[in-house]
Amino acid sequence: MKDSISLLLGSGFSVSDGYPTGYKLNEFISKIQYDDIILNSDGSAFIDIKDKYPNNWMSKPQRVFFERLLNYYKSIIKKKNREFDYEKFYDFYKNLQRNPEHDTGFKKLCEEYTQEYYPHFISNPRTYLLNFDTIYNQIIQQKLTKRYKRSHIRWNGQGNYGQFLLMLESLSHQYKKINIHSLNHDLLMEHLAFSDELPDKFCDGFTELGSPFYGRYKEESMIRLQCFSDLFNKQLCLYKLHGSVDYVPFLDESGRLDIIKTKPWISNIELFKEVNDSNSNPSYYNYWANYHSYFLTGTTEKINRYKEPFFSKMIDHFKINLSQASGLIIVGYGFKDRGINESIEECLSVNSKVVVVDPYIKYSPVLRNYKTEYIRQEVSLINAGEVYKYFLSPNR
């Protein structure tokens, strides 16, 4: 058997399962109005466009600020004849968060907003932006979250991803390691991994046994949660380079930061760590400051956050795996992430074969030095046998 092969999954991989494209996400977010937003007392936020907020006086100031900042950004890009991009917008307001005083238009927006809703207080742009950030990330999380039920999956009955599963199953007979690197926040790959073709072969660096982390369910039961152990010891390894909708940071009393995997029915403010109190008795420590999941967005902001310990580890794994891979399969990636592109160019051997599966990509200069096969189809239409044969053929 050969040592390893790597895969890189972009957002196009998940489109066949109903997840929005970047274009659809841009369109959705750009049209949000304040009364589309629902804010709960626990800090959770979500969008419901069909049913307007029944108590629209609740948390109205925060929701109004959301709409006004969004409209302010749209007025700026309109003057420059640019289309709305939710990731560039993220970069924009994050930059404002660092230097709010440098933008006179934003400063005026905040002063007028303060006068209208908090007339007895001094304008506080950083606080307004912090609240905005909490809402914005939860909205993105909502659009990229789908609940899956554990089900019996076979490649010949798994609809749009049957051929993809068959390809993985075929590759598992030829490679000791299949390293899947995903740029997506959704849980589609985790769902597909529990198929008949890949029994007990899957891991993602998280471990449940021995984990001191728990989530409280319905104020009654404590459910043990997986925490990141950085252990990738099975044949099929999933590395989520940009985080995930089920990853949550947990900061304990000592300042130690762990990344844990939560469940869709457990609130992010109902997370606990088993610790010993001052009398050495076991107790629970609750970290309630989480309102959204741990994932990357933005363009330049994303690159900056690659330096954070967890994401730095993920990128290091990506680079090492590329350097050891005899081939790379790229599915649904548009080559727009500078950090990912540089990793490919720096670490993937020029002797490695590359397959790109994407209906819109004809050629990428990132791959100019590699033997590359471009399959201009969606993942749901690929022929697993053709991809598999490409890596086995010595003449291609």
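Here, the structure is the one placed above.
Residues numbered from 1 in each chain as written. Predicted model: local features only at pLDDT ≥ 70, side-chain atom pairs only at ≥ 80, totals over all residues. Heavy atoms only, no water.

**Some thoughts on the packing of aromatic side chains**
Phase 1: Under the defined criterion, the tally for this structure stands at 43 aromatic pairs.
Phase 2: Between F232 and Y239 the ring centres are 4.1 Å apart and the planes differ by 25°, which places this aromatic pair in the stacked class.
Phase 3: Under the relative-accessibility criterion, F232 is labelled buried at 13%.
Phase 4: Ring geometry for Y333 versus F335: centroids 4.9 Å apart, planes at 50°, classification tilted. Summarising the burial analysis for this pair, Y333 and F335 share the class buried.
Phase 5: In this arrangement the basic side chain of K146 is found over the ring face of Y19, its NZ or CZ atom lying 4.9 Å from the centre.
Phase 6: Across the ring face of F206, the terminal group of K261 is positioned such that the distance to the ring centre comes to 5.6 Å. (Phe/Tyr/Trp six-rings, centres within 6.5 Å; stacked < 30°, edge-to-face > 60°. Buried < 20%, exposed > 50% of the residue type's maximum accessible area, 1.4 Å probe, protein only. Lys NZ or Arg CZ within 6 Å of the ring centre and 35° of its normal.)

**Regarding helix 9 (residues 309–324)**
Phase 1: Under the 1.5 Å per step criterion, the end-to-end length of helix 9 is 23 Å for 16 residues, consistent within 8% with the ideal 22 Å.
Phase 2: Taken residue by residue, helix 9 has F310, F311, M314, I315, H317, F318, N321 and L322 as its buried positions. Buried positions in helix 9, seen along its axis, are confined to an arc of 155° and lie on one side of it. In this structure, helix 9 carries P309 and Q324 as exposed residues pointing more than 90 degrees from its buried face. (Helix = DSSP H or I, 4+ residues; strand = E, 2+ residues; numbered from the N terminus. Expected span 1.5 Å × (residues − 1). Arc of directions from axis to C-beta.)

**Quick notes on empty space enclosed by the protein**
Phase 1: Tallied over the full model, the rule gives one cavity of 30 Å³ or more.
Phase 2: Estimated volume of the largest cavity: approximately 40 Å³.
Phase 3: L9, F13, S14, S182, N184, D186, L188, M189, E190 and K240 are the residues that line the largest cavity.
Phase 4: The dominant element in the lining of the largest cavity, judged by the number of residues it contributes, is helix 7 (residues 188–193), at three residues.
Phase 5: Each residue belonging to the lining of the largest cavity can be placed in one class, and the counts come to four nonpolar, three polar and three charged. (1 Å grid on protein atoms, 1.4 Å probe; cavity = no way out; pocket = protein on both sides within 12 Å on 5 of 7 lines; lining within 4 Å. Points joined across faces, edges and corners; volume = space filled by probe spheres on them. Nonpolar A, V, L, I, M, F, W, Y, C, P; charged D, E, K, R; others polar.)

Everything listed is a geometric property; what it means functionally is a separate question.
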